[in-house]
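# Close look at the chain arrangement
The residues making up each chain are set out below.
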Amino acid sequence: MKQSELLYNLTFFIVIFLIVYIFCYYFSGRIRPKKNSGKDKKSKPNFKLMNEGKFLIMRYNLDEKKINLKWFNRGICFCNAFIIAFTSTFISLIPLNIFYQLAIAFVLLFALIYSIFEIYGRYLNKKWGKYNDK
């Protein structure tokens, strides 16, 4: 692989990663504050649990009182963005027919979703688990 191809693929990965991360973070886990009659100068958005967050809380016995939703959602968005960017970059490098690329992408997506969220869930269990005495 030439250096220009490597640079192109790295740029492609970073661009896809940033687009997916920004889209996921700003449109999935935030609740927009309602506009008051000018009483609050700047009201900050609240955060809600995303579907992946609900799954991680149930699967890894996380204490909902300890969870910082802003950081929790950032981690989930980071995982989602990495999975999508890595899969799209990897599949674009394979010189096969589109059918084979989609089949490989399907298998790769499921493997990455399981492995990345397993690692993130274990990290969260150590940090915010119910049975942690920290």
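Residues numbered from 1 in each chain as written. Predicted model: local features only at pLDDT ≥ 70, side-chain atom pairs only at ≥ 80, totals over all residues. Heavy atoms only, no water.

## Brief notes about the confidence of the model for the protein
Across the protein, pLDDT averages 86, with 84% of residues at or above 70. No element of the protein has a lower mean pLDDT than strand S1 (residues 30-31), at 64, and none a higher one than helix H4 (residues 98-128), at 94. (pLDDT = per-residue confidence, 0-100. Helix = DSSP H or I, 4+ residues; strand = E, 2+ residues; numbered from the N terminus.)

## Let's talk about the state of the cysteines
Under the counting rule described, the total for this entry stands at zero disulfides. Of the cysteine sulfurs around cysteine 79, a residue in no disulfide, the closest is that of cysteine 77, at 9.2 Å. Looking at cysteine 79, the relative accessible area reads 6%, which means it is buried. (Disulfide = S-S within 2.5 Å. Buried < 20%, exposed > 50% of the residue type's maximum accessible area, 1.4 Å probe, protein only.)

## Quick look at the nonpolar core
Core analysis: the biggest nonpolar cluster contains 21 residues, and Leu56, Leu62, Phe72, Ile76, Tyr120 and Leu124 have the highest contact counts within it. Mapped by element, the contributors of at least two residues to this core are helix H1 (3-28), helix H2 (51-59), helix H3 (69-93) and H4. What leucine 62 contacts, discounting residues up to four positions off in sequence, is Leu56, Ile57, Ile67, Phe72, Leu124, Asn125, Trp128, Gly129 and Lys130. Within the second largest apolar cluster, five residues are counted, among which are Phe13, Val20, Ala81 and Ala85. (Core = buried A, V, L, I, M, F, W, Y, C linked by side-chain atoms within 4.5 Å. Contact = heavy atoms within 4.5 Å.)

## Points about the pattern of salt bridges
Throughout the structure, instances matching the rule amount to two salt bridges. Two residues, glutamate 118 and arginine 59, come together in a salt bridge whose shortest N-O distance is 3.1 Å. Pair noted here: glutamate 118 is in helix H4 and arginine 59 is in helix H2, with a separation of 59 residues, a long-range link. Of the residues examined, arginine 59 reaches a relative accessible area of 42% and is grouped as partly exposed. The closest approach of N and O atoms between glutamate 118 and arginine 122, which form a salt bridge, is 3.1 Å. With glutamate 118 and arginine 122 both in helix H4, this residue pair falls four residues apart, about one helical turn. (Salt bridge = Lys/Arg side-chain N within 4 Å of Asp/Glu carboxyl O.)

## Regarding the packing of H2 against H3
Packing of H2 against H3 brings their axes to within 10 Å, and their N-to-C directions diverge by 105°. It follows that H2 is roughly perpendicular to H3 by the angle criterion. Of H3, the residues touching H2 (which contributes Glu52, Gly53, Leu56 and Ile57) are Phe72, Ile76 and Asn80. Across the contact of H2 with H3, the residue classes break down as four nonpolar, two polar and one charged. (Axes fitted to C-alpha atoms, helices over the stretch in contact; angles between N-to-C directions. Parallel < 35°, antiparallel > 145°, perpendicular 65-115°, else oblique. Nonpolar A, V, L, I, M, F, W, Y, C, P; charged D, E, K, R; others polar.)

## Regarding H1
Here H1 is 26 residues long and its end C-alpha atoms lie 37 Å apart, about the 38 Å a rise of 1.5 Å per residue gives. All buried positions along H1 are accounted for by Asn9, Phe13, Phe17, Val20, Cys24 and Tyr25. (Expected span 1.5 Å × (residues − 1).)

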